[in-house]
Amino acid sequence: MTLSCFDLGEQMLSVDEARQALATLIERPLGSEQIPLAQALGRRLAAAVQAPINVPQNTNAAMDGVALALPREGVGAKQTHWPLAGEVLAGQYRRELVPAGHCVRITTGAPLPPGTDTVVMSEQLREPIEDDKPAHVTIESPELLKHGQHVRQAGEDIALGDTAFSAGARLDAASLGLLASLGYAEISVNQRPKVAIFSTGNEVTAPGEPLPQAGIYDANRFTLMGLLAEHGADVIDLGILPDDLNAIKTALEDAAAQSDLVITSGGVSVGQADFTRDALEQLGRLAFWRVALRPGRPMACGWLGKKRTPFVGLPGNPVAVMVTFLQFVSPLLDRLNGQPLAPPHRLYAVTESLLKSRLKRTDFIRGVYHTDSEGRLLVRSTGAQGSGILTSMVAANCLIELADDQAGAQPGEVVSIQPLTGWL
């Protein structure tokens, strides 16, 4: 049985235990909304989508040329001269039967008229002129003719009634094209989670402002904005809050009232000027955790206000913010979108470098993976792994995951990696 985040006290948790417990903060998924297809990129479908038509709608020509009404004996007749019985252009539909042994001129995409089932491309035809009007065409090399050639069957892309997308599917560019081909001008999608974020600390300075002698620029808030956008959330940016209990409490009350999730970075430990924890305990219910991972502790979680808005307090170091977001906040956003809790996407690669870790702790090492000439997946560390070294995340395209039962890895060993990719 999975325990809620409030049942665990301050014991040391594994990454999996923390992920499972955090998921209990989401009591119900968000609702759905109907939006124009042009605005649906990156959104998740609220319900499965079935094809209301065949795509293509009609069996049609894949080439410009002529559509043949083959005799009953089919290609075996090896007919060379084919009388023309008219033409069909793209966008036209001919209902009249084409007599056996005759053909019609046809353009790419035009529906095959009744009686025809094979197309010969223009480059394989000769068209003699009789009385200034083609009366028939001649097929060059009729022995090469194949029954059904250059024809696209109705429904060969997707057939009427087939499931085009399952509920929860995230829509990319190709998905929008398929939905458009099915005639959908609007689509039902899950609402975007509204996520409130802010930074805390008198030393934290907004980019563009003069940097005080003892100050630091606010990197975490912008990192979180990017991660949330990649995961399809709408950001409510509350800026930088000073180390003041009343200011933090007021901001948290406002955030809880207008958002589906509140995230902070830093200010959740027991330091002299860390007021976020006190504010949280006054406004709702708080669990304070130690999670056995590096980088990424301490963390806090809970809920705020009458809405019981979920809250996650991430560590203050920039790399730890990104790692803990990917391991813990990303699954929460999926839960808000009605998705089941799922493990992170993992691949397996051979490490090219020595990787250090220790037992009973999961280490996430920034790495670069690539494929060698033999098709093997290889990975190496980006180098220095300090929690404040953001350049290591810029250089990385994956996290190398050394589980709590691994005491490092030697070059040549297979390790688990989590690719660092956005939703696009």
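Here, every reference points to the structure presented above.
No experiment lies behind these values; they were computed from the predicted model shown.

### Examining the pairing of strand 20 (residues 261–265)
- Within strand 20, 5 of the 5 residues are buried, which leaves the element mostly enclosed by the surrounding structure.
- A two-sided burial pattern is seen for strand 20, the buried positions comprising L261, I263 and S265 on one face and V262 and T264 on the other.
- With 5 bridges connecting them, strand 16 (residues 194–200) and strand 20 associate as parallel partners. Within strand 20, the position partnered with A196 by the bridge is V262.
- Here 4 bridges tie strand 20 to strand 24 (residues 309–314), and the two strands are oriented parallel to one another. For V262, the partnering residue across the bridge sits in strand 24 and is F311.

### Focus: the pattern of salt bridges
- Per the counting criterion, the structure on display carries 14 salt bridges.
- Among the salt bridges present, the one from R192 reaches D234, with a minimum N-O distance of 3.8 Å. With a gap of 42 residues between them, R192 in the loop between strand 15 (186–190) and strand 16 and D234 in strand 19 (residues 234–241) connect regions that are remote in the sequence.
- Given a relative accessible area of 34%, D234 falls into the partly exposed group.
- Close ionic contact of D363 with R294 constitutes a salt bridge, the shortest N to O distance being 2.7 Å.

### Here's the deal with unusual backbone geometry
- In this model, V55 is joined to P56 through a cis peptide bond whose omega is -5 degrees.
- Within the secondary structure layout, P56 lies in the loop between strand 3 (49–50) and strand 4 (60–61).
- Each neighbour pair has its own omega, and for R294 with P295 the value is -5 degrees, a cis peptide bond.
- The residue P295 is located in the loop between strand 22 (293–294) and strand 23 (299–304) in this model.
- Positive phi, close to 55 degrees, is recorded for R308, a residue that is not glycine.

### Considerations on the packing of helix 1 (residues 15–23) against helix 6 (residues 318–336)
- Axis separation between helix 1 and helix 6 bottoms out at 9 Å; the angle between their running directions is 30 degrees. Classified by the angle their axes make, helix 1 and helix 6 are roughly parallel. Handedness of the crossing formed by helix 1 with helix 6: right-handed. The residues of helix 6 that touch helix 1, namely those facing V15, A18, R19, L22 and A23, are Q327, F328, P331, L332 and R335.

### Brief notes about helix 5 (residues 276–283)
- Buried within helix 5 we find T276, R277, A279, L280 and L283. Taken around the axis of helix 5, the buried residues stretch over an arc of 160 degrees, which confines them to a single face.

### Let's talk about the pairing of strand 8 (residues 118–121)
- Neither face of strand 8 is open: one carries T118 and V120, the other V119 and M121, and all of them are buried.
- Direction of pairing for strand 5 (residues 65–68) relative to strand 8: antiparallel, over a ladder of 4 bridges. In the strand pairing of strand 8, V66 is matched with V120.

### Observations regarding the environment of T200
- For T200, the position within the fold is in strand 16.
- Of the residues examined, T200 reaches a relative accessible area of 9% and is grouped as buried.

### A word on helix 2 (residues 173–181)
- Within the span of helix 2, buried status applies to S175, L176 and L179. Relative to the axis of helix 2, the buried residues are bounded by an arc of 100 degrees and lie together on one face. With respect to the buried face of helix 2, the exposed residues turned more than 90 degrees away are A173 and A174.
- Check the buried side of helix 2 and you find it contacts strand 3, strand 14 (163–165) and strand 15.
- G183 occupies a position one or two residues after helix 2 and carries a positive phi of about 95 degrees.

### Topic: the nonpolar core
- Ranked by internal contacts, the top residues of the largest apolar core, which has 38 residues, are L22, I263, W289, L314 and F325.
- Breaking this core down by element, the ones donating at least two residues are helix 1, strand 16, helix 3 (220–230), strand 20, strand 21 (284–291), strand 23, strand 24 and helix 6.
- Among the elements that make up this core, the one with the highest residue count is helix 6 (10 residues).
- In this structure, F325 is in contact with L224, L227, L228, H231, I263, L314, S330 and L333, ignoring residues within four places of it in sequence.
- If you look at the next biggest cluster of nonpolar residues, it comprises 18 residues, including I236, L280, L286 and A300.

### Things to note about the sheet that holds strand 19
- Taken in spatial order, the 7 strands line up as 1-21-23-24-20-16-19 in an open sheet, and their pairing is mixed. Each edge of the open sheet is held by one strand with a lone partner, namely strand 1 (12–13) and strand 19.

### A few points about the sheet that holds strand 8
- Read across the sheet, 6 strands follow the order 8-5-7-6-12-9 without closing on themselves; strand pairing throughout is mixed. The outermost strands of the open sheet, each flanked by one partner alone, are strand 8 and strand 9 (125–126).
- Relative to strand 7 (residues 103–106), strand 6 (residues 81–88) runs parallel, the two sharing 3 bridges. In the sheet register, V88 faces strand 7, and the bridge partner there is I106.

### With respect to the packing of helix 3 against helix 6
- Across the interface, helix 3 lies against helix 6 with an axial gap of 11 Å and an inter-helix angle of 30 degrees. Between helix 3 and helix 6 the crossing geometry is right-handed. Contacts between helix 3 and helix 6 involve N220, T223, L224, L227 and L228 from the first element and P318, V321, M322, F325, L326 and L333 from the second.
- Of the residues contributing to the contact of helix 3 with helix 6, the split by class is 9 nonpolar, 2 polar and no charged.

### As for the packing of aromatic side chains
- Scanning the entire structure with this criterion turns up 0 aromatic pairs.
- Over the ring of W303 we find R308, and its NZ or CZ is 4.4 Å from the ring centre.

What counts as what
- All residue numbers refer to positions counted from 1 along the written sequence of the respective chain.
- Reporting of local features is limited, given that this is a predicted model, to residues whose pLDDT is at least 70; pairs of side-chain atoms are given and counted only at 80 or more, and all residues count toward the totals for whole chains, interfaces and linings.
- With hydrogens and water set aside, each side-chain value is computed from the structure's full complement of heavy atoms.
- Under the scheme applied here, a residue whose accessible area is under 20% of the maximum for its type counts as buried, over 50% as exposed, and between as partly exposed, the area being computed with a 1.4 Å probe on protein chains only.
- Helical segments are the DSSP runs of H or I of at least four residues, strand segments are the runs of E of at least two, and each set is numbered from the N terminus.
- Two strands make a pair as long as DSSP finds a minimum of two bridges between them.
- The salt bridge criterion pairs a side-chain nitrogen of Lys or Arg with a carboxyl oxygen of Asp or Glu, the two atoms within 4 Å.
- To obtain an axis, a line is fitted to C-alpha atoms, over the contacting stretch when the element is a helix, and the angle between two such axes runs from 0 to 180 degrees between their N-to-C directions.
- Here is the rule for angles: anything less than 35 degrees is roughly parallel, anything more than 145 is roughly antiparallel, 65 through 115 is roughly perpendicular, and the remaining ranges are oblique.
- Handedness of a helix crossing follows the sense of rotation of the near helix relative to the far helix, less than a right angle counterclockwise being left-handed and clockwise being right-handed.
- Any two residues whose heavy atoms approach within 4.5 Å are treated as being in contact.
- By arc we mean the arc of the directions from the helix axis to the C-beta atoms, nothing more.
- Remark: nonpolar core denotes a set of buried residues (Ala, Val, Leu, Ile, Met, Phe, Trp, Tyr, Cys) joined through side-chain atoms within 4.5 Å.
- Under the scheme applied, nonpolar residues are Ala, Val, Leu, Ile, Met, Phe, Trp, Tyr, Cys and Pro; charged residues are Asp, Glu, Lys and Arg; polar residues are all the others, including Gly.
- Pairing of aromatic side chains here covers Phe, Tyr and the six-membered ring of Trp, requires ring centres within 6.5 Å, and sorts the geometry by plane angle: under 30 degrees stacked, over 60 edge-to-face, intermediate tilted.
- Two thresholds decide whether a charge sits over a ring: the Lys NZ or Arg CZ must be within 6 Å of the ring centre and within 35 degrees of the ring normal.

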